[in-house]
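# Fold and geometry: a report
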Amino acid sequence: MRNFSNKLEKIVIKIGSSSITHKNGAVNIERIEELAKEISNIQDKGINVVLVSSGAIACGAKQLGMGKRPRDTIGKQATSAVGQVALMNTYNRAFGEYGYKVGQVLLTKVIETDEKMSENARNTFDQLMKMDVVPIVNENDTISTFEIMFGDNDTLSAVVARLIDADLLILLSDIDGLYTDDPNKNSDVELIKEVNIIDENLKSMAKDSDSSVGTGGMATKIKACTMCMEKGIDVVIANSDDLKNVRKIVRGDEIGTIFKR
């Protein structure tokens, strides 16, 4: 069994676009329902969960009949505004089946440097959790510009974990964890079960994402792990193919790669 650095009272879970949408960008209702079940079960145990969810731009592009997600900033902002509605409606219905309400929290990178905004966001998260509402976080693409974009929700999830003093961040990905090399290109690789120090050698193992709907690769996950480890927050990178991995991680099963001091 795996031991965490702290008692699990607050958890941040990040899930990427490709994990909750179909290849054509449409919301994958079945996947979101499965995720809502797993998170609701954790909430029932008295552990607060904050969900950082990608997918708004991909969903918006599908809603608007686009062949693929736009590349220009204005196009991304517009499609995100449309897609966020579809995404939150799906989450709201899914969590409602288990008696939970959801709250939408859209953040920009300014949250890292503006003390007042950080305090307001922290207070909002605290109050939502006291009310047994599941906060669902995404970047505020509609007002973000190049200078204030997170660029990926791995970094955003780490910022949220630090903001609320989380005990654990779970990064759900399309890979089982951190390998000694890219398993898609090299079959002679090993899964690294635990990382205690992030050095240049480990960073060199990170590869960029090949996904057409996502923006985060292993490099952004290593960055997120670094940010969390600085604050004593454990991080687990695990495969989202089986969402039961969430419950397994929380109960201490050795799933994926754990980053801890």
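Overview of the structure. (Residues numbered from 1 in each chain as written. Predicted model: local features only at pLDDT ≥ 70, side-chain atom pairs only at ≥ 80, totals over all residues. Heavy atoms only, no water.)

### Quick word on the overall build of the protein chain
Quick reminder of the rule: Secondary structure elements follow DSSP: runs of H or I no shorter than four residues count as helices, runs of E no shorter than two count as strands, and numbering proceeds from the N terminus. Throughout, exposure labels follow a simple rule: accessible area from a 1.4 Å probe, protein chains only, divided by the maximum for the residue type, with under 20% read as buried, over 50% as exposed, and the rest as partly exposed. Residues are treated as being in contact if the distance between any of their heavy atoms lies within 4.5 Å. Only the protein chains shown count as cover for residues, with accessible areas throughout obtained via the Shrake-Rupley method and a probe of 1.4 Å. Only four residue types enter the tally: Lys and Arg on the positive side, Asp and Glu on the negative side; His and the chain ends are excluded. The location of each charge is read from NZ of Lys, CZ of Arg, CG of Asp or CD of Glu.
Within the protein chain one finds 9 helices and 10 strands. Projected onto its principal axes, the C-alpha coordinates of the protein chain cover approximately 40 × 40 × 35 Å. For the protein chain, with 261 residues in total, the buried portion stands at 54%. In the protein chain, once contacts between residues fewer than 6 apart in sequence are set aside, the share between residues at least 24 apart is 74%. As presented, the protein chain carries roughly 12,500 Å² of accessible surface, and 46% of it is formed by carbon and sulfur atoms. Taken as two groups, the 33 positive and 38 negative side-chain charges of the protein chain have centres that lie 2 Å from each other.

### Structural notes on the sheet that holds strand E8 (residues 194-195)
What counts, and what does not: For two strands to be treated as a pair, DSSP must find at least two bridges joining them. Every angle, taken between N-to-C directions, lies between 0 and 180 degrees, and every axis is a line fitted to C-alpha atoms, over only the stretch in contact when it is a helix.
The strand order E3-E4-E2-E1-E5-E9-E10-E8 describes an open sheet built from 8 strands, whose pairing is mixed. Only two strands of the sheet have a single partner each, and these edge strands are strand E3 (101-107) and E8. Relative to strand E4 (residues 133-139), strand E2 (residues 48-53) runs parallel, the two sharing 2 bridges. Bridge pairing in E4 links Val52 to Val137. Contacts from helix H4 (residues 73-96) reach strand E1 (10-15), E2, E3 and E4 within the one sheet, and its direction differs from that of E3 by about 150°. Together, E1, strand E5 (168-173), E8, strand E9 (234-239) and strand E10 (257-259) form the strand contacts of helix H8 (residues 218-229), whose direction differs from that of E9 by roughly 155°.

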